[in-house]
Amino acid sequence: MISKIYTELIKNGIFKENTIFKLALSLCPSIAVTNSLRNGFLMGVAVLFVQVTVNITISLIRNYINPAIRLPVFMLIISGWVTIADLSMAAFAPEAYKQMGLYIQLIVAFASILARAEMFASKNNVLPSLFDGLGMGLGFLFALSIISFFRETLGNGSVLGLKLINTKPLLIMILPAGGFFAVGLLMGIYNWINTRFNKL
Amino acid sequence: MQKSEMILQNMRDILKITLNLLIIYIIGGLIIAFVYSKTSPLIYKNKVESKKMALRKLLPEADSIEKTGSWKIHDKEADYYSAKKDGEIIGYIIESYGKGYSGYIEVLVSVDKEMKIKNISILSHTETPGLGDEITKDYFLKQFISKDTNHLITVKNTTDEYIQAISGATISSRAVTEDAVKSAIEFLKNKLKG
(Lines give C-alpha, C1' and ligand atoms only; values in the text may rest on other atoms or scores of the structure.)
Protein backbone atom coordinates (compact mmCIF):
# COMPACT_ATOMS: atom_id res chain seq x y z
CA MET A 1 0.00 0.00 0.00
CA ILE A 2 2.63 2.47 1.09
CA SER A 3 5.10 1.40 -1.56
CA LYS A 4 2.35 1.90 -4.12
CA ILE A 5 2.18 5.57 -3.22
CA TYR A 6 5.92 5.86 -3.76
CA THR A 7 5.96 4.13 -7.13
CA GLU A 8 3.05 6.35 -8.06
CA LEU A 9 5.15 9.40 -7.13
CA ILE A 10 8.04 8.23 -9.27
CA LYS A 11 5.76 7.47 -12.21
CA ASN A 12 4.17 10.87 -11.77
CA GLY A 13 7.56 12.54 -12.09
CA ILE A 14 8.60 10.59 -15.14
CA PHE A 15 5.35 10.64 -17.10
CA LYS A 16 2.36 12.56 -15.81
CA GLU A 17 4.24 15.65 -14.69
CA ASN A 18 7.41 15.33 -16.73
CA THR A 19 9.35 18.52 -16.07
CA ILE A 20 10.11 19.26 -19.69
CA PHE A 21 7.42 17.59 -21.77
CA LYS A 22 4.46 18.33 -19.49
CA LEU A 23 5.30 21.17 -17.12
CA ALA A 24 7.53 22.89 -19.69
CA LEU A 25 9.94 24.01 -16.96
CA SER A 26 13.73 24.26 -17.23
CA LEU A 27 13.61 24.45 -21.00
CA CYS A 28 16.89 26.36 -20.99
CA PRO A 29 19.12 23.37 -20.18
CA SER A 30 16.97 21.14 -22.36
CA ILE A 31 18.16 23.24 -25.28
CA ALA A 32 21.58 24.33 -24.09
CA VAL A 33 23.19 21.05 -23.07
CA THR A 34 21.44 18.42 -25.15
CA ASN A 35 23.62 18.47 -28.26
CA SER A 36 25.10 15.09 -27.41
CA LEU A 37 23.75 12.16 -25.44
CA ARG A 38 26.67 12.28 -23.02
CA ASN A 39 26.00 15.92 -22.16
CA GLY A 40 22.28 15.41 -21.73
CA PHE A 41 22.75 12.34 -19.59
CA LEU A 42 25.34 13.91 -17.27
CA MET A 43 23.19 16.99 -16.83
CA GLY A 44 20.25 14.73 -15.96
CA VAL A 45 22.29 12.88 -13.35
CA ALA A 46 23.46 16.13 -11.76
CA VAL A 47 19.89 17.43 -11.61
CA LEU A 48 18.66 14.15 -10.13
CA PHE A 49 21.14 14.48 -7.29
CA VAL A 50 20.35 18.12 -6.53
CA GLN A 51 16.60 17.58 -6.80
CA VAL A 52 16.62 14.75 -4.27
CA THR A 53 18.90 16.44 -1.75
CA VAL A 54 17.04 19.75 -1.99
CA ASN A 55 13.66 18.05 -1.57
CA ILE A 56 14.86 16.16 1.50
CA THR A 57 16.41 19.23 3.12
CA ILE A 58 13.37 21.39 2.54
CA SER A 59 10.90 18.84 3.84
CA LEU A 60 13.08 18.43 6.93
CA ILE A 61 13.20 22.10 7.84
CA ARG A 62 9.89 23.24 6.35
CA ASN A 63 8.34 23.79 9.79
CA TYR A 64 11.08 26.21 10.78
CA ILE A 65 10.70 28.49 7.80
CA ASN A 66 8.38 31.46 7.94
CA PRO A 67 6.22 31.37 4.78
CA ALA A 68 7.14 34.98 4.00
CA ILE A 69 10.81 34.10 3.49
CA ARG A 70 10.48 30.64 2.00
CA LEU A 71 11.79 31.59 -1.45
CA PRO A 72 15.13 33.05 -0.33
CA VAL A 73 15.56 30.05 1.95
CA PHE A 74 14.86 27.65 -0.92
CA MET A 75 17.40 29.49 -3.05
CA LEU A 76 19.96 29.19 -0.27
CA ILE A 77 19.35 25.47 0.04
CA ILE A 78 19.59 24.91 -3.70
CA SER A 79 22.75 26.94 -4.14
CA GLY A 80 24.19 25.42 -1.00
CA TRP A 81 23.75 21.87 -2.25
CA VAL A 82 25.05 22.80 -5.68
CA THR A 83 28.15 24.38 -4.11
CA ILE A 84 28.71 21.38 -1.85
CA ALA A 85 28.35 18.97 -4.78
CA ASP A 86 30.67 21.10 -6.89
CA LEU A 87 33.38 21.42 -4.23
CA SER A 88 33.33 17.83 -3.10
CA MET A 89 33.41 16.51 -6.62
CA ALA A 90 36.38 18.72 -7.47
CA ALA A 91 38.14 17.47 -4.34
CA PHE A 92 37.30 13.79 -4.24
CA ALA A 93 36.56 12.89 -7.85
CA PRO A 94 38.65 15.20 -10.05
CA GLU A 95 38.31 12.90 -13.06
CA ALA A 96 34.52 12.88 -12.93
CA TYR A 97 34.56 16.59 -12.16
CA LYS A 98 36.32 17.27 -15.46
CA GLN A 99 33.27 15.80 -17.20
CA MET A 100 30.52 17.15 -14.97
CA GLY A 101 31.97 20.41 -13.65
CA LEU A 102 30.47 22.45 -16.44
CA TYR A 103 26.95 21.29 -15.66
CA ILE A 104 26.74 21.27 -11.90
CA GLN A 105 27.03 25.00 -11.38
CA LEU A 106 24.26 25.66 -13.89
CA ILE A 107 21.69 23.90 -11.74
CA VAL A 108 21.43 26.81 -9.28
CA ALA A 109 19.16 28.62 -11.69
CA PHE A 110 16.85 25.74 -12.64
CA ALA A 111 13.17 26.53 -12.31
CA SER A 112 12.26 22.86 -12.03
CA ILE A 113 14.07 22.44 -8.73
CA LEU A 114 12.61 25.54 -7.16
CA ALA A 115 9.18 24.53 -8.46
CA ARG A 116 9.31 21.11 -6.78
CA ALA A 117 10.58 22.66 -3.57
CA GLU A 118 7.64 25.06 -3.54
CA MET A 119 4.93 22.71 -4.80
CA PHE A 120 5.86 19.48 -3.08
CA ALA A 121 8.70 19.39 -0.58
CA SER A 122 7.49 22.37 1.44
CA LYS A 123 4.16 20.61 2.05
CA ASN A 124 5.14 16.98 2.51
CA ASN A 125 7.10 14.66 4.74
CA VAL A 126 10.63 13.49 4.09
CA LEU A 127 9.89 10.15 2.44
CA PRO A 128 7.32 11.36 -0.08
CA SER A 129 9.61 14.31 -0.86
CA LEU A 130 12.49 11.95 -1.45
CA PHE A 131 10.44 9.91 -3.90
CA ASP A 132 9.03 12.99 -5.56
CA GLY A 133 12.59 14.23 -6.05
CA LEU A 134 13.60 10.86 -7.45
CA GLY A 135 10.66 10.83 -9.84
CA MET A 136 11.17 14.39 -11.00
CA GLY A 137 14.91 13.90 -11.39
CA LEU A 138 14.43 10.67 -13.33
CA GLY A 139 11.82 12.36 -15.51
CA PHE A 140 14.27 15.14 -16.26
CA LEU A 141 17.03 12.63 -16.99
CA PHE A 142 14.66 10.70 -19.26
CA ALA A 143 13.57 13.79 -21.20
CA LEU A 144 17.11 15.12 -21.60
CA SER A 145 18.40 11.75 -22.73
CA ILE A 146 15.68 11.43 -25.38
CA ILE A 147 16.22 14.98 -26.65
CA SER A 148 19.98 14.64 -26.75
CA PHE A 149 19.82 11.20 -28.37
CA PHE A 150 17.54 12.63 -31.07
CA ARG A 151 19.82 15.63 -31.61
CA GLU A 152 23.09 13.74 -31.61
CA THR A 153 21.96 11.07 -34.06
CA LEU A 154 20.50 13.59 -36.46
CA GLY A 155 23.04 16.36 -36.05
CA ASN A 156 26.26 14.43 -35.68
CA GLY A 157 25.43 10.96 -36.95
CA SER A 158 26.68 9.40 -33.74
CA VAL A 159 25.58 7.95 -30.41
CA LEU A 160 27.67 8.74 -27.32
CA GLY A 161 30.42 9.97 -29.63
CA LEU A 162 30.55 6.72 -31.60
CA LYS A 163 30.03 7.38 -35.28
CA LEU A 164 27.12 5.55 -36.83
CA ILE A 165 27.39 7.22 -40.19
CA ASN A 166 30.30 9.24 -41.39
CA THR A 167 28.41 12.39 -42.32
CA LYS A 168 26.55 14.98 -40.34
CA PRO A 169 23.03 14.56 -41.77
CA LEU A 170 21.46 17.62 -40.17
CA LEU A 171 24.15 19.79 -38.61
CA ILE A 172 21.54 22.31 -37.46
CA MET A 173 20.29 19.82 -34.88
CA ILE A 174 23.40 20.20 -32.72
CA LEU A 175 23.48 23.96 -33.14
CA PRO A 176 21.42 26.06 -30.70
CA ALA A 177 18.57 26.53 -33.16
CA GLY A 178 18.20 22.76 -33.49
CA GLY A 179 17.45 22.58 -29.79
CA PHE A 180 14.21 24.45 -30.32
CA PHE A 181 13.19 22.10 -33.13
CA ALA A 182 14.06 19.02 -31.10
CA VAL A 183 12.29 20.11 -27.91
CA GLY A 184 9.23 21.30 -29.82
CA LEU A 185 8.94 18.18 -31.94
CA LEU A 186 9.48 15.75 -29.10
CA MET A 187 7.10 17.62 -26.82
CA GLY A 188 4.50 17.46 -29.57
CA ILE A 189 5.03 13.74 -30.13
CA TYR A 190 4.90 13.08 -26.41
CA ASN A 191 1.61 14.89 -25.99
CA TRP A 192 0.17 13.37 -29.14
CA ILE A 193 0.84 9.87 -27.82
CA ASN A 194 -0.58 10.97 -24.52
CA THR A 195 -3.91 12.17 -25.90
CA ARG A 196 -4.15 9.56 -28.64
CA PHE A 197 -3.79 6.57 -26.40
CA ASN A 198 -4.68 8.27 -23.15
CA LYS A 199 -1.71 6.57 -21.57
CA LEU A 200 1.64 7.52 -20.01
CA MET B 1 -4.66 52.53 20.88
CA GLN B 2 -5.61 49.83 18.40
CA LYS B 3 -3.45 51.34 15.71
CA SER B 4 -0.34 51.44 17.83
CA GLU B 5 -0.93 47.84 18.81
CA MET B 6 -1.07 46.87 15.16
CA ILE B 7 2.18 48.65 14.46
CA LEU B 8 3.78 46.87 17.38
CA GLN B 9 2.51 43.54 16.08
CA ASN B 10 3.88 44.35 12.65
CA MET B 11 7.26 45.22 14.07
CA ARG B 12 7.33 41.98 15.98
CA ASP B 13 6.53 40.04 12.82
CA ILE B 14 9.24 41.76 10.85
CA LEU B 15 11.73 41.06 13.59
CA LYS B 16 10.72 37.41 13.73
CA ILE B 17 11.00 36.95 10.00
CA THR B 18 14.36 38.71 9.86
CA LEU B 19 15.69 36.60 12.68
CA ASN B 20 14.41 33.46 10.99
CA LEU B 21 16.14 34.34 7.74
CA LEU B 22 19.30 35.40 9.51
CA ILE B 23 19.60 32.15 11.44
CA ILE B 24 19.02 29.98 8.39
CA TYR B 25 21.53 31.92 6.32
CA ILE B 26 24.15 31.80 9.04
CA ILE B 27 23.72 28.03 9.33
CA GLY B 28 23.90 27.66 5.56
CA GLY B 29 26.97 29.88 5.39
CA LEU B 30 28.70 27.91 8.13
CA ILE B 31 28.01 24.59 6.40
CA ILE B 32 29.40 25.85 3.12
CA ALA B 33 32.42 27.40 4.85
CA PHE B 34 33.08 24.06 6.53
CA VAL B 35 32.85 22.15 3.25
CA TYR B 36 35.06 24.71 1.54
CA SER B 37 37.72 24.55 4.24
CA LYS B 38 37.78 20.76 3.97
CA THR B 39 37.84 20.58 0.17
CA SER B 40 39.89 23.55 -1.00
CA PRO B 41 43.32 22.13 -0.04
CA LEU B 42 42.42 18.92 -1.87
CA ILE B 43 41.21 20.87 -4.90
CA TYR B 44 44.46 22.83 -4.93
CA LYS B 45 46.47 19.63 -4.66
CA ASN B 46 44.53 18.08 -7.52
CA LYS B 47 45.19 21.11 -9.69
CA VAL B 48 48.93 21.08 -9.02
CA GLU B 49 49.03 17.33 -9.57
CA SER B 50 47.14 17.50 -12.86
CA LYS B 51 49.42 20.27 -14.10
CA LYS B 52 52.48 18.21 -13.29
CA MET B 53 50.95 15.28 -15.13
CA ALA B 54 50.09 17.47 -18.10
CA LEU B 55 53.66 18.80 -18.28
CA ARG B 56 55.11 15.32 -18.16
CA LYS B 57 52.72 14.12 -20.83
CA LEU B 58 53.70 16.94 -23.18
CA LEU B 59 57.37 16.02 -23.26
CA PRO B 60 57.65 12.45 -22.00
CA GLU B 61 61.25 12.07 -23.13
CA ALA B 62 62.48 14.86 -20.86
CA ASP B 63 63.85 13.84 -17.48
CA SER B 64 63.48 17.23 -15.83
CA ILE B 65 61.10 20.08 -16.47
CA GLU B 66 61.88 23.36 -14.78
CA LYS B 67 60.07 26.63 -14.64
CA THR B 68 62.15 29.22 -16.47
CA GLY B 69 59.97 32.29 -16.19
CA SER B 70 56.58 33.75 -16.75
CA TRP B 71 54.92 35.99 -19.28
CA LYS B 72 51.67 37.87 -19.63
CA ILE B 73 48.82 37.29 -22.03
CA HIS B 74 45.32 38.79 -21.70
CA ASP B 75 46.43 40.19 -18.34
CA LYS B 76 47.00 36.68 -17.10
CA GLU B 77 50.18 35.32 -15.66
CA ALA B 78 51.43 32.27 -17.55
CA ASP B 79 54.55 30.19 -17.01
CA TYR B 80 57.03 28.66 -19.36
CA TYR B 81 59.36 25.77 -18.72
CA SER B 82 62.47 24.34 -20.21
CA ALA B 83 62.76 20.61 -20.58
CA LYS B 84 66.10 18.87 -20.22
CA LYS B 85 67.40 15.45 -20.94
CA ASP B 86 70.82 14.46 -19.61
CA GLY B 87 71.45 18.10 -18.76
CA GLU B 88 70.77 19.34 -22.25
CA ILE B 89 67.77 21.38 -23.29
CA ILE B 90 65.57 19.45 -25.67
CA GLY B 91 62.58 21.75 -25.80
CA TYR B 92 60.27 24.14 -24.06
CA ILE B 93 56.78 24.04 -22.66
CA ILE B 94 54.71 27.19 -22.46
CA GLU B 95 51.38 27.92 -20.90
CA SER B 96 49.04 30.28 -22.72
CA TYR B 97 45.54 31.66 -22.81
CA GLY B 98 43.24 32.28 -25.74
CA LYS B 99 40.05 34.28 -25.72
CA GLY B 100 37.39 31.76 -26.72
CA TYR B 101 33.71 32.00 -27.40
CA SER B 102 32.66 32.14 -23.77
CA GLY B 103 35.77 32.67 -21.70
CA TYR B 104 39.46 31.93 -21.66
CA ILE B 105 40.97 28.72 -22.93
CA GLU B 106 44.07 27.58 -21.07
CA VAL B 107 46.55 25.79 -23.27
CA LEU B 108 49.86 24.06 -22.70
CA VAL B 109 52.19 23.65 -25.70
CA SER B 110 55.53 21.95 -25.99
CA VAL B 111 58.01 22.80 -28.73
CA ASP B 112 61.35 21.42 -29.75
CA LYS B 113 64.49 23.53 -30.15
CA GLU B 114 63.44 24.54 -33.66
CA MET B 115 60.16 25.94 -32.26
CA LYS B 116 58.07 23.31 -33.95
CA ILE B 117 55.16 22.07 -31.92
CA LYS B 118 55.67 18.70 -30.33
CA ASN B 119 52.48 18.39 -28.35
CA ILE B 120 49.55 20.41 -27.13
CA SER B 121 46.87 20.01 -24.52
CA ILE B 122 43.90 22.07 -23.36
CA LEU B 123 44.00 22.50 -19.59
CA SER B 124 40.71 24.28 -19.06
CA HIS B 125 38.01 26.00 -21.03
CA THR B 126 34.37 27.03 -20.84
CA GLU B 127 33.38 26.54 -24.46
CA THR B 128 29.94 25.32 -25.49
CA PRO B 129 29.50 21.62 -24.72
CA GLY B 130 29.18 19.64 -27.93
CA LEU B 131 30.51 22.37 -30.22
CA GLY B 132 33.36 24.44 -28.80
CA ASP B 133 34.55 21.68 -26.53
CA GLU B 134 35.61 19.72 -29.60
CA ILE B 135 38.89 21.66 -29.23
CA THR B 136 39.89 19.07 -26.66
CA LYS B 137 39.45 16.21 -29.13
CA ASP B 138 42.41 14.45 -30.68
CA TYR B 139 41.48 15.05 -34.30
CA PHE B 140 41.74 18.79 -33.75
CA LEU B 141 44.84 18.81 -31.55
CA LYS B 142 46.69 16.32 -33.77
CA GLN B 143 46.84 18.98 -36.47
CA PHE B 144 49.23 21.07 -34.39
CA ILE B 145 52.01 18.52 -34.23
CA SER B 146 55.22 19.66 -35.97
CA LYS B 147 53.71 22.93 -37.20
CA ASP B 148 55.66 26.18 -36.89
CA THR B 149 54.26 29.69 -36.40
CA ASN B 150 53.94 30.33 -40.14
CA HIS B 151 51.43 27.52 -40.42
CA LEU B 152 49.35 28.31 -37.36
CA ILE B 153 46.45 29.76 -39.28
CA THR B 154 42.89 28.49 -39.07
CA VAL B 155 41.15 27.79 -42.35
CA LYS B 156 37.69 26.44 -42.96
CA ASN B 157 38.38 23.80 -45.59
CA THR B 158 40.34 20.60 -45.46
CA THR B 159 44.05 21.24 -45.09
CA ASP B 160 47.27 19.55 -44.13
CA GLU B 161 49.35 22.66 -44.17
CA TYR B 162 47.31 24.82 -41.80
CA ILE B 163 44.86 24.17 -38.99
CA GLN B 164 41.38 23.19 -40.02
CA ALA B 165 38.72 24.88 -37.88
CA ILE B 166 36.02 22.77 -36.26
CA SER B 167 32.73 23.26 -38.05
CA GLY B 168 30.42 25.28 -35.83
CA ALA B 169 33.28 26.35 -33.58
CA THR B 170 35.44 28.67 -35.65
CA ILE B 171 35.90 31.15 -32.82
CA SER B 172 37.09 28.48 -30.39
CA SER B 173 39.44 27.00 -32.98
CA ARG B 174 40.90 30.37 -33.79
CA ALA B 175 41.31 31.21 -30.11
CA VAL B 176 43.42 28.12 -29.59
CA THR B 177 45.45 28.39 -32.77
CA GLU B 178 46.14 32.05 -33.26
CA ASP B 179 45.35 33.69 -29.96
CA ALA B 180 46.92 31.19 -27.59
CA VAL B 181 49.46 28.98 -29.35
CA LYS B 182 50.81 31.30 -32.00
CA SER B 183 51.40 34.23 -29.66
CA ALA B 184 52.99 31.94 -27.11
CA ILE B 185 55.49 30.53 -29.55
CA GLU B 186 56.24 33.95 -30.96
CA PHE B 187 56.94 35.14 -27.43
CA LEU B 188 59.26 32.21 -26.83
CA LYS B 189 61.10 32.90 -30.07
CA ASN B 190 61.71 36.54 -29.19
CA LYS B 191 62.63 35.72 -25.62
CA LEU B 192 65.19 33.10 -26.54
CA LYS B 193 66.71 35.12 -29.32
CA GLY B 194 67.38 38.11 -27.09
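Residues numbered from 1 in each chain as written. Chains lettered and ligands numbered in written order. Predicted model: local features only at pLDDT ≥ 70, side-chain atom pairs only at ≥ 80, totals over all residues. Heavy atoms only, no water.

Engineer: What is the right way to read the pattern of salt bridges from this model?
Structural biologist: If the charged atoms of two oppositely charged side chains come close together, the side chains can form a pair. Residue and element names in this part refer to chain A. Applying the stated criterion across every chain yields a total of five salt bridges over all chains. Across the pair Glu-118 and Arg-70 runs a salt bridge whose closest N-O atoms are separated by 2.9 Å. Here Glu-118, found in helix 6 (residues 111-121), pairs with Arg-70, found in helix 4 (residues 70-92); they are 48 residues apart in sequence, far enough to count as distant. Judged by its relative accessible area of 24%, Glu-118 falls in the partly exposed class. (Salt bridge = Lys/Arg side-chain N within 4 Å of Asp/Glu carboxyl O. Helix = DSSP H or I, 4+ residues; strand = E, 2+ residues; numbered from the N terminus. Buried < 20%, exposed > 50% of the residue type's maximum accessible area, 1.4 Å probe, protein only.)

Engineer: How should I be thinking about the interface of chain B and chain A in this particular structure?
Structural biologist: A common way to state how big an interface is: give the accessible area lost once the parts meet. Listed per partner, the contact involves 20 residues of chain B and 25 residues of chain A. Here chain B packs against chain A, burying approximately 2100 Å² in sum over the two surfaces, 74% of which is carbon and sulfur. If you look at where chain B meets chain A, you find zero salt bridges. Across the contact surface, chain B and chain A share five residue pairs in polar contact (both at pLDDT 80 or more). Of the residues in the side of chain B that touches chain A, the class split is 12 nonpolar, seven polar and one charged. (Contact = heavy atoms within 4.5 Å. Buried area = accessible area lost by both parts, 1.4 Å probe. Polar contact = N/O pair within 3.5 Å; in protein donor to acceptor, adjacent residues only side chain to side chain. Nonpolar A, V, L, I, M, F, W, Y, C, P; charged D, E, K, R; others polar.)

Engineer: Help me out: how do you make sense of the pairing of strand 5 (residues 117-124) of chain B in this one?
Structural biologist: It is a general feature of regular strands that their side chains alternate between the two faces of the sheet. Residue and element names in this part refer to chain B. Pairing analysis gives six bridges linking strand 4 (residues 104-112) to strand 5, with the strands arranged antiparallel. Directly across from Ser-110, in strand 5, lies its bridge partner Asn-119. Once strand 4 ends, the chain turns through four residues before running back antiparallel as strand 5, passing Met-115 with a positive phi of about 65°. (Pairing = 2+ DSSP bridges.)

Engineer: Where do I start with the nonpolar core in this structure?
Structural biologist: Grouped burial of nonpolar side chains is what soluble globular proteins tend to show. Ranked by internal contacts, the top residues of the largest apolar core, which has 40 residues, are A:Phe21, A:Met43, A:Val54, A:Ile107 and A:Ile113. Elements with a minimum of two residues in this core: helix 3 (37-61), helix 4, helix 5 (94-104), helix 6, helix 7 (126-156) and helix 8 (176-197) of chain A. Broken down by element, this core gets its largest block of residues, eight residues, from helix 4 of chain A. Dropping the residues within four chain positions of it, A:Ile107 is found in contact with A:Met43, A:Ala46, A:Val47, A:Val50, A:Ile78, A:Val82 and A:Ile113. Grouped together as the second largest cluster of nonpolar side chains are 31 residues, B:Val107, B:Ile135, B:Leu141 and B:Ala180 included. (Core = buried A, V, L, I, M, F, W, Y, C linked by side-chain atoms within 4.5 Å.)

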